[in-house]
Amino acid sequence: MKDQGFKIPEGYFEAKKDQLKALAQESGPVTKAAPKTRILWPSLAAAAAVLIAALFFLPLNSKQNSDLNFSDLQEQEVIDFLNQDPYGVYPESFIELPNSESSEGFENLDTELIESYLNEHSSEYL
Amino acid sequence: MQEPGTWKEQLKKEQYQSIFAELVEAYTERLYWHIRSILLRHDWSDDVLQECFIKAWKALPSFRAESAFYTWLYRIATNEALALLKKERRFQLQEGALNYHLSADPYFDGDEALKNLLEAVAELPDKQQTVFKLKYFQNLSFNEISEMLGTSVGALKASFHHAKEKVKVQLNLNEF
């Protein structure tokens, strides 16, 4: 090809070879890059583990919360809890009831009424 | 004092540098003329040659000798040259652009016949053009071109045949 009119600058190849070798000298240490798949697989495995854990535990937790119901409590437990008055105030509706000032007043209340009230206001206590 | 790990890295680097220096010595000229036969212009060929060796240097640790080193290097060079050719082809398609490119290259002093031939070749589609140049300027076998371009020998023969016919028509030649 060089005899067909295609020329090169004088001393081109010698200079080019030196330049190319110098490029390798200047550049940082050559390290064998780890194949991408080796990095990818552990990441995928970790992501899958998190996903599986989330699928197992999150619905279980939400089920546990939704299954909480005051009907499961014994009547005496409810009365004891209310008598302790852990929040420092009685609900207004109880104040209006007869004997509401004494703890014995709760014993006269209908269990269903207590349960329905607590179910309605459960978010305040949980 | 250097840490033990640094010594190893330094040793590795020196080994790679030594291999790379051998490659540069062995292939620079051959690779340059290969690139030049595709691109024709010296300045473009110089850029692509450099880019090709930079890629080779970076890829050296992962080279697994599955193919001969020069085949691997030629493939990089061919791909780089074709990518540049594609980029520049838009301008070459304009009338007289190739003539302008060759006239602008101080390292081309081909005669009128060669200029006419190159103009005719520049009209060919990319693949036909490349096969024609590699056959005409480097006299490579279809097997060698097949390895470089990753195309079957049959397809290359067909491309070369079409290219030859088109060039003949373009130059009003009966024999080529």
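Residues numbered from 1 in each chain as written. Chains lettered and ligands numbered in written order. Predicted model: local features only at pLDDT ≥ 70, side-chain atom pairs only at ≥ 80, totals over all residues.

Draft legend 1. Local environment of the overall build of chain A. The number of helices and strands found in chain A is 6 helices and 0 strands. The order of α-helices and β-strands along chain A, N terminus first, is α-α-α-α-α-α. Put simply, chain A has 126 residues, and 5% of those count as buried. (Helix = DSSP H or I, 4+ residues; strand = E, 2+ residues; numbered from the N terminus. Buried ≥ 20, exposed ≤ 12 C-beta atoms within 10 Å, placed from the backbone.)

Draft legend 2. Molecular detail of the confidence of the model for chain B. When pLDDT is averaged along chain B, the result is 80, and 81% of the positions lie at 70 or above. As a predicted assembly, this complex carries a pTM of 0.58 together with an ipTM value of 0.73. (pLDDT = per-residue confidence, 0-100.)

Draft legend 3. Seen up close, the interface of chain B and chain A. On the side of chain A, 21 residues touch chain B, which itself brings 28 residues to the contact. Of all the secondary structure elements, the ones that give two or more residues to the side of chain B that touches chain A are α1 (4-39) and α2 (42-59) of chain B. In terms of residue count, the dominant contributor to the side of chain B that touches chain A is α1(B) (14 residues). The class makeup of the residues in the side of chain B that touches chain A is 14 nonpolar, 6 polar and 8 charged. (Contact = placed C-beta atoms within 7 Å. Nonpolar A, V, L, I, M, F, W, Y, C, P; charged D, E, K, R; others polar.)

Draft legend 4. How the structure looks around the nonpolar core. Core analysis: the largest hydrophobic core is formed by 37 residues, its most contacted members being B:Leu31, B:Ile35, B:Leu39, B:Val48, B:Cys52 and B:Ala77. For this core, the elements supplying multiple residues, two or more each, are α1 (12-26) of chain A together with α1, α2, α3 (69-92), α5 (112-122), α6 (126-138), α7 (142-149) and α8 (153-171) of chain B. Counting residues per element, this core draws most heavily on α1(B), at 9 residues. Look past the residues within four positions of B:Ile35 in its chain and what remains in contact with it is B:Ser45, B:Val48, B:Leu49, B:Ala77 and B:Ala81. (Core = buried A, V, L, I, M, F, W, Y, C linked by C-beta atoms within 7 Å.)

Draft legend 5. Quick look at the packing of α5(B) against α8(B). Residue and element names in this part refer to chain B. The N-to-C vectors of α5 and α8 enclose an angle of 130°; their axes lie 9 Å apart at closest approach. The orientation of α5 with respect to α8, classified from their angle, is oblique. Judged by the twist between their axes, the crossing of α5 over α8 is right-handed. When α5 is examined against α8, the residues Asn116, Leu117, Ala120 and Val121 are found in contact with a partner set consisting of Val167, Gln170 and Leu171. (Axes fitted to C-alpha atoms, helices over the stretch in contact; angles between N-to-C directions. Parallel < 35°, antiparallel > 145°, perpendicular 65-115°, else oblique. Left-handed = near helix turned anticlockwise from the far one by under 90°.)

Draft legend 6. Quick peek at unusual backbone geometry. Residues and elements named next belong to chain B. Even without being a glycine, Leu40 presents a positive backbone phi close to 70°. Residue classification places Leu40 among the buried positions, given that 26 C-beta atoms sit within 10 Å. The backbone of Asn139 sits at a positive phi, close to 55°, despite the residue not being glycine. Turning to its location among the elements, Asn139 is positioned in the loop between α6 and α7.

Draft legend 7. Examining the confidence of the model for chain A more closely. Per-chain confidence: chain A averages 70 in pLDDT, with 52% of residues scoring 70 or above. Mean pLDDT values over the elements of chain A span from 50, in helix α4 (residues 92-95) of chain A, up to 89, in α1(A).

Draft legend 8. Structural detail: α6(B). For α6(B), spanning 13 residues, the distance from its first C-alpha to its last is 17 Å, which sits close to the expected 18 Å at 1.5 Å a residue. Among the residues trailing α6(B), B:Asn139 stands out with phi positive, at a value near 55°. (Expected span 1.5 Å × (residues − 1).)

Draft legend 9. Examining the environment of B:Asn79 more closely. Residues and elements named next belong to chain B. If you trace the backbone, Asn79 turns up in helix α3. For Asn79, a count of 16 C-beta atoms within 10 Å puts it in the partly exposed group. Linking Asn79 and Met148, residues 69 residues apart in sequence, is a C-alpha distance of 8.7 Å.

Draft legend 10. Spatial organisation of α2(B). The end-to-end C-alpha distance of α2(B), which contains 18 residues, comes to 26 Å, matching closely the 26 Å that a straight helix rising 1.5 Å per residue would cover. Within α2(B), the full set of buried residues consists of B:Trp44, B:Ser45, B:Val48, B:Leu49, B:Cys52, B:Phe53, B:Ala56 and B:Trp57.

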